[in-house]
Amino acid sequence: MNISELPYSLMSELGRVRRGQNPPVHLWHPETKSDIDLVISKEGVWNYCGSPIKKPRLIRLFASVLRKDRDDYYLVTPIEKCRITVEDVPFQAVLMQVSGEGTSACLKLTTDMAEQVTIDEKHPLRIFQNGEETVPYVLVRDRMECRLSRNVYYQLAELMVSRRSSRNGAEWMGVWSHGSFFPMLPI
């Protein structure tokens, strides 16, 4: 099966999406459900039937109708929703812009889908410790997160400062963004 053989209603609805404007998938509750062999790898590669999708525009269209329901991810249109597999998270942060310094810093990420998100209370930074590996994530939209690419993580690590917690007195290394401190590593 190739991309052109995806369920017809999904492909026709994708054609209506305008660049830079995500449709209101949170309002769509179609009765028709199916599973498709689309996998977003841990590295952020979108694969259909085991082969990488090579067209960035098509990937962005799919990402614009992506929704997370509980622990499952779906491509959603008003007519149907198709469950896909996401090995980790659907997006990768590939760039970071820093403005300001110290407690006045503002950190803005750009994802591999060209979405921009500022690390703040609505889009918090969280750290997941997986054995020896420290994995940073930021909420992008609708309960979906991005994983920071290695270069963005290194850039973030250069901004870390120490701060003592007012709750329990523990000291943390972390970053400031948009007036909030985001703890990353205990000291």
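On a predicted model such as this, the values are computed, not experimentally measured, just so you know. Each chain carries its own residue numbering, running from 1 in the written order of its sequence. In keeping with the model being predicted, local features are shown solely for residues with a pLDDT of at least 70 and side-chain atom pairs are shown and tallied solely at 80 or more, while totals for entire chains, interfaces and linings include all residues. The side-chain numbers reported here are obtained from all heavy atoms of the structure, hydrogens and water having been left aside.

(A) Quick look at the overall build of the protein chain. Tallying secondary structure elements over the protein chain gives three helices and 15 strands in all. Buried positions account for 44% of the 187 residues belonging to the protein chain. Surface exposure here means Shrake-Rupley accessible area, sampled with a 1.4 Å probe, where a residue is shielded only by the protein chains that are shown. In the form shown here, the protein chain has an accessible surface area of approximately 10800 Å², with 49% of it arising from carbon and sulfur atoms. Put simply, DSSP marks the helices as runs of H or I at least four residues long and the strands as runs of E at least two long, and each gets a number from the N terminus on. Note on classification: 1.4 Å probe, protein chains only; a residue is buried when its accessible area is under 20% of the maximum for its type, exposed when over 50%, partly exposed between these limits.

(B) How the structure looks around the packing of aromatic side chains. Put simply, two rings from Phe, Tyr or Trp (the six-membered ring, in Trp's case) pair if the centres are within 6.5 Å, and we call them stacked under 30 degrees between planes, edge-to-face over 60, tilted for the rest. Across all of its chains, the model carries two aromatic pairs by this definition. To sit over a ring, a charge needs its Lys NZ or Arg CZ within 6 Å of the ring centre and within 35 degrees of the ring normal. Seen from the ring of Tyr74, Lys81 lies directly overhead, with NZ or CZ sitting 4.2 Å from the centre.

(C) Local environment of the pairing of strand β12 (residues 144-148). The element β12 is extensively covered by neighbouring structure, given that five of its five residues are classed as buried. Relative to β12, strand β11 (residues 133-141) is paired through four bridges, and the arrangement is antiparallel. In the sheet register, Val138 faces β12, and the bridge partner there is Cys146. Two strands are said to pair when DSSP picks up at least two bridges between them. Between β11 and β12, which pair antiparallel and follow one another directly, the connecting turn spans two residues, one of which, Asp142, has a positive phi of 45°.

(D) Spotlight on the side chain of Thr118. As for its position among the elements, Thr118 is in strand β9 (residues 116-118). Taking the relative accessible area as the measure of exposure, Thr118 reaches 18% and is therefore buried.

(E) A look at the sheet that holds strand β4 (residues 66-69). Strand order in this open sheet of six strands is β3-β2-β1-β6-β5-β4, and the pairing throughout is mixed. Where the open sheet ends on each side, the last strands, each with one partner, are β3 (51-52) and β4. As paired strands, β4 and strand β5 (residues 72-76) are joined by four bridges and run antiparallel to one another. Within the sheet, the bridge partner assigned to Asp69 lies in β5 and is Asp72.

(F) Here's a closer look at the confidence of the model for the protein chain. What pLDDT reports is the predictor's confidence in each residue, on a scale of 0 through 100. In this model, the protein chain carries a mean pLDDT of 89, and residues with pLDDT of at least 70 account for 89%. Taken together, the stretch residues 1-5 has pLDDT below 50 and engages in eight contacts with residues farther than four places along the chain or on a different chain. When checking whether two residues touch, look at their non-hydrogen atoms; a contact exists if any pair is within 4.5 Å.

(G) Region of interest: the sheet that holds β12. Taken in spatial order, the six strands line up as β9-β8-β7-β12-β11-β10 in an open sheet, and their pairing is mixed. Each edge of the sheet is formed by a strand with only one pairing partner; in this case those strands are β9 and β10 (125-130). Recorded for the sheet is a direction-independent mean angle of 40° between the axes of neighbouring strands. Pairing of strand β8 (residues 106-111) with β9, which is carried by three bridges, proceeds in the antiparallel orientation. Each bridged residue has a counterpart across the sheet, and for Leu109 the counterpart in β9 is Val117. Lying over the sheet, helix α3 (residues 150-158) contacts β7 (91-99), β8, β10, β11 and β12, oriented at roughly 35° with respect to β7. Note on definitions: angles span 0 to 180 degrees between N-to-C directions of axes, and those axes are lines fitted to C-alpha atoms, for helices only across the stretch in contact.

(H) Here's a closer look at the pattern of salt bridges. When a carboxyl oxygen of Asp or Glu is within 4 Å of a side-chain nitrogen of Lys or Arg, the pair counts as a salt bridge. Taken as a whole and assessed by the stated rule, the structure comprises nine salt bridges. Between Asp88 and Arg147 there is a salt bridge; the shortest N-O distance is 2.8 Å. Of this pair, Asp88 sits in the loop between β6 (80-86) and β7 while Arg147 is found in strand β12, placing the two residues 59 residues apart along the sequence. Exposure remark for Asp88: the relative accessible area of 22% places this residue in the partly exposed category. Ionic pairing is found between Arg141 and Glu115, a salt bridge with its closest N-O pair at 2.9 Å. Taken together, the residues Arg141 in strand β11 and Glu115 in the loop between β8 and β9 connect sequence positions 26 residues apart. Of the two residues examined, Arg141 and Glu115, each falls in the buried class. Taken together, the salt bridges that share partners define one network made up of Asp35, Asp72 and Arg83.

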